[in-house]
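A closer look at the structure
One-letter residues, chain by chain:
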Amino acid sequence: DDDDDDDDDARARRRMSDPPNAPPVVPGPSYASGSAGVPGMPAMPVMMPGVAPLSPREFQERYDAQLRQHQAQIAAYSSMNQAAVAVNPMYAAQNTQLRMFWRQQMQEIQQTTDFKNHLLPLARIKKIMKSDEDVRMISSEAPVLFAKACEMFILELT
């Protein structure tokens with residue numbers, strides 16, 4: 001009888017923690033795209049509901065196909081860039097300025113240690129974010145990130 005009570009308690013706790021109208025979870029292993037923050041590494045296997053697992057060979061084939069596709073896109077962009085420079089010499093100067101701007105932005109971001117002072121008011125950004133009906137809670141990092149994104153956008157426009 002005690003085992004049945006424990007099972008009932010566990011089921012009740014699970015039901016209370018599930019969000020309302022949540023779809024039922026069907027176990028099944030799969031491979032998700034992306035890695036746990038490791039650049040250049042293929043995706044790590046994770047459990048995905050209702051998806052059959054990939055063999056390591058299938059996974060490697062998909063990864064290689066995506067890599068070839070990205071390399072082809074980079075090559076196409078490079079050839080388009082060269083054609084644009086040939087047609088408009090000012091394009092090269094503008095492109096160089098743009099790359100320099102983003103390089104400086106990345107250096108500034110990497111050297112940032114003070115996250116408290118911002119050019120844009122965080123309270124106003126948070127108020128704008130809350131104006132969306134779908135937004136219920138906002139993490140403390142979100143307004144900081146939006147402030148930096150808005151600042152970079154304004155800098156790029158000017």
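Below you will find a few notes about this structure. (Residues numbered from 1 in each chain as written. Predicted model: local features only at pLDDT ≥ 70, side-chain atom pairs only at ≥ 80, totals over all residues. Heavy atoms only, no water.)

The helix and strand tally for the protein stands at five helices and two strands. Secondary structure elements in the protein, listed N-terminal to C-terminal, are α-β-β-α-α-α-α. Looking at the 158 residues of the protein, the share that counts as buried comes to 11%. Sequence-distant contacts in the protein: of pairs separated by 6 or more residues, those separated by 24 or more amount to 28%. (Helix = DSSP H or I, 4+ residues; strand = E, 2+ residues; numbered from the N terminus. Buried < 20%, exposed > 50% of the residue type's maximum accessible area, 1.4 Å probe, protein only. Contact = heavy atoms within 4.5 Å.)

Here we take up the packing of aromatic side chains. Taken as a whole, this structure holds one aromatic pair when the rule is applied. A ring pair is formed by Phe-101 and Trp-102, whose centres lie 5.1 Å apart and whose planes are at 80°; its orientation type is edge-to-face. Taking the relative accessible area as the measure of exposure, Phe-101 reaches 16% and is therefore buried. (Phe/Tyr/Trp six-rings, centres within 6.5 Å; stacked < 30°, edge-to-face > 60°.)

This part is about the pattern of salt bridges. Scanning the model with the defined rule gives three salt bridges in all. Glu-108 is the partner of Lys-148 in a salt bridge, and the nearest nitrogen-oxygen pair spans 2.8 Å. One end of the pair, Lys-148, is in helix α5 (residues 141–157); the other, Glu-108, is in helix α3 (residues 89–111), with 40 residues separating them in the sequence. Linked by salt bridges that have partners in common, Glu-108, Lys-148 and Glu-151 make up one network. (Salt bridge = Lys/Arg side-chain N within 4 Å of Asp/Glu carboxyl O.)

Attention shifts here to the nonpolar core. Within the largest apolar cluster, five residues are counted, these being Ile-125, Met-129, Ile-138, Ala-142 and Ala-147. Of all the elements in the fold, those that place two or more residues in this core are α4 (122–130) and α5. In contact with Met-129, not counting residues within four places along its chain, are Val-135, Ile-138, Ala-142, Pro-143 and Phe-146. (Core = buried A, V, L, I, M, F, W, Y, C linked by side-chain atoms within 4.5 Å.)

A word on the packing of α4 against α5. Taken N-terminus to C-terminus, the directions of α4 and α5 make an angle of 105°; their axes are 9 Å apart at the nearest point. The orientation of α4 relative to α5 falls into the category roughly perpendicular. Of the residues in α5, those touching α4 at Leu-122, Ile-125, Lys-126 and Met-129 are Ala-142, Pro-143, Val-144, Phe-146 and Ala-147. Here the residues of the contact of α4 with α5 sort into eight nonpolar, no polar and one charged. (Axes fitted to C-alpha atoms, helices over the stretch in contact; angles between N-to-C directions. Parallel < 35°, antiparallel > 145°, perpendicular 65-115°, else oblique. Nonpolar A, V, L, I, M, F, W, Y, C, P; charged D, E, K, R; others polar.)

What follows is about the side chain of Glu-151. Secondary-structure assignment places Glu-151 in helix α5. Residue Glu-151 is classed as buried on the basis of its relative accessible area of 16%. Among all residues touching Glu-151, those that are not within four sequence positions of it are Glu-108, Leu-119 and Leu-120.

With that settled, the discussion passes to α5. Taking 1.5 Å of rise per residue, the 17 residues of α5 would be expected to cover 24 Å, and the 25 Å separating its terminal C-alpha atoms lies within 8% of that figure. All buried positions along α5 are accounted for by Ala-142, Pro-143, Val-144, Ala-147, Glu-151 and Met-152. For α5, the elements touching its buried residues are α3 and α4. (Expected span 1.5 Å × (residues − 1).)

Taken together, the side chains of Phe-153, Ile-154 and Leu-157 present a nonpolar region at the surface, about 330 Å² in accessible area. Along the chain, Leu-157 turns up in helix α5. Judged by relative accessible area, Leu-157 falls into the exposed class, the value being 61%. (Patch = residues over 30% accessible without salt bridge, like charges linked within 9 Å, V, L, I, M, F, W, Y side chains within 5 Å. Areas by Shrake-Rupley, 256 points an atom, 1.4 Å probe, with all protein chains shown as cover.)

Next up on the list: the packing of α3 against α5. Where α3 contacts α5, the two axes come as close as 12 Å, and the packing angle between them is 155°. Between α3 and α5, the angle is such that the two are roughly antiparallel. Between α3 and α5 the crossing geometry is right-handed. Between α3, through Leu-98, Phe-101, Trp-102, Gln-105, Glu-108 and Ile-109, and α5, the contact on the second element is made entirely by Lys-148, Glu-151, Met-152, Leu-155 and Glu-156. Of the residues belonging to the contact of α3 with α5, the class tally is six nonpolar, one polar and four charged. (Left-handed = near helix turned anticlockwise from the far one by under 90°.)

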